[in-house]
Amino acid sequence: MALTAEQLQEIEAARAAEGRTRRPTVPALEALLFQALPVLDHGFVRVVDYMGDDAAIVQAARVSYGRGTRAANEDRGLIRYLMRHRHSTPFEMCEIKFHVKLPIFVARQWIRHRTANVNEYSARYSILDREFYIPAPEHLAAQSAVNRQGRGTVLEGAEASRVLDLLREDATRNYDHYLEMLNEDEQGAPLDPARAGLARELARMNLTLNAYTQWYWKTDLHNLFHFLSLRADAHAQYEIRVYAEAMMAATEAWVPMAAAAFRDYRLGAVTFSAQMLGIVRRMVAGEQVAQEGSGLSKREWRELMDALGRADG
């Protein structure tokens, strides 16, 4: 992970500056402000700004004046009630802004979440860094035979080495050609004064998808929880899941009561269909239920058995 000299200067200047405020602050998140949490080989997540806290959620739910004087356990109970019954509006009263450095292919998956404000580093105006995501060997896997979106067994030996070599060679070659077309070096100086060079907005199309980009990503807590419920899930692609896990850690520092409720009722929970619930009730009553005649497809049955810890069922 690397920050540019300009970014380090900006961070140091921001860290040195302090301002008085009457708005609520969260000491645990204040301590994380401007710290770049490393992700993958060159990426990071850092909190830039935020608004609100657990008390803001409670305040919005009660529409009360000021901060209220109820006991912390009452606030915790209300937040858990709101999460349990999917009352989203109170969670929308909290917002957070992240600075993220990530591979382009992860960004293209991430941007599917259209409920955030995003401003991405522009390769029309600037030259991208010579940094590429190269997976660790344990994350090189074959295509899953049962999941079109998932991975199967880990590649080993000569095949794994060849894949890593190809990733490095292709990314490096394309970046070298990118600079050649630009007719600029990595600092922006001309390579050949006799050539004009290709416009940056065109040269960028030759870059590989494992090149790194950066963006500011701002969202409210409700939509952050939706993002995390999908991307911090064990079934999410590893390369986006590790970003979600870093963001989850920041969220737990920011709104610990809401984050705990989210872990209990969303991230660590499962949802049963009406048919599934009916089967569970029959099992609790002592009935032996098999997939044949249950009304569930084989995939639904397998998901139900996995959720119940009865994979052999």
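Rules used throughout
Residues numbered from 1 in each chain as written. Predicted model: local features only at pLDDT ≥ 70, side-chain atom pairs only at ≥ 80, totals over all residues. Heavy atoms only, no water. Axes fitted to C-alpha atoms, helices over the stretch in contact; angles between N-to-C directions. Helix = DSSP H or I, 4+ residues; strand = E, 2+ residues; numbered from the N terminus. Parallel < 35°, antiparallel > 145°, perpendicular 65-115°, else oblique. Left-handed = near helix turned anticlockwise from the far one by under 90°. Contact = heavy atoms within 4.5 Å. Salt bridge = Lys/Arg side-chain N within 4 Å of Asp/Glu carboxyl O. Buried < 20%, exposed > 50% of the residue type's maximum accessible area, 1.4 Å probe, protein only. Pairing = 2+ DSSP bridges.

Caption draft 1: Seen up close, the packing of helix H11 (residues 274-284) against helix H12 (residues 298-307). Between H11 and H12, the shortest axis-to-axis distance is 11 Å and the interhelical angle comes to 55°. Taken together, the axes of H11 and H12 are oblique relative to one another. Both H11 and H12 take part in a crossing whose hand is right-handed. The segment H11 lies against H12, with Met 276, Ile 279, Val 280 and Met 283 engaging Glu 300, Trp 301, Glu 303, Leu 304 and Met 305.

Caption draft 2: Just the pattern of salt bridges, in detail. For the structure shown, the criterion picks out 15 salt bridges. Arg 124 is the partner of Glu 201 in a salt bridge, and the nearest nitrogen-oxygen pair spans 2.7 Å. Pair noted here: Glu 201 is in helix H7 (residues 200-203) and Arg 124 is in the loop between strand S4 (117-120) and strand S5 (141-143), with a separation of 77 residues, a long-range link. Accessibility expressed as a relative area gives 36% for Glu 201, which makes it partly exposed. In this structure, Glu 184 and Arg 200 form a salt bridge, with 2.9 Å as the shortest nitrogen-oxygen distance. Pair noted here: Glu 184 is in the loop between helix H6 (157-182) and H7 and Arg 200 is in helix H7, with a separation of 16 residues, a long-range link. Residue classification places Arg 200 among the partly exposed positions, given a relative accessible area of 25%.

Caption draft 3: Broad picture of the sheet that holds strand S3 (residues 95-103). Read across the sheet, five strands follow the order S1-S2-S3-S7-S4 without closing on themselves; strand pairing throughout is antiparallel. Every interior strand has two partners, whereas the edge strands, strand S1 (37-39) and S4, have only one. Ignoring strand direction, the axes of neighbouring strands in this sheet form an average angle of 25°. Bridge count between S1 and strand S2 (residues 43-51): three bridges; the pairing is antiparallel. Within S2, the position partnered with Leu 37 by the bridge is Val 45.

Remember, this is a structural readout, not a statement about activity or role.
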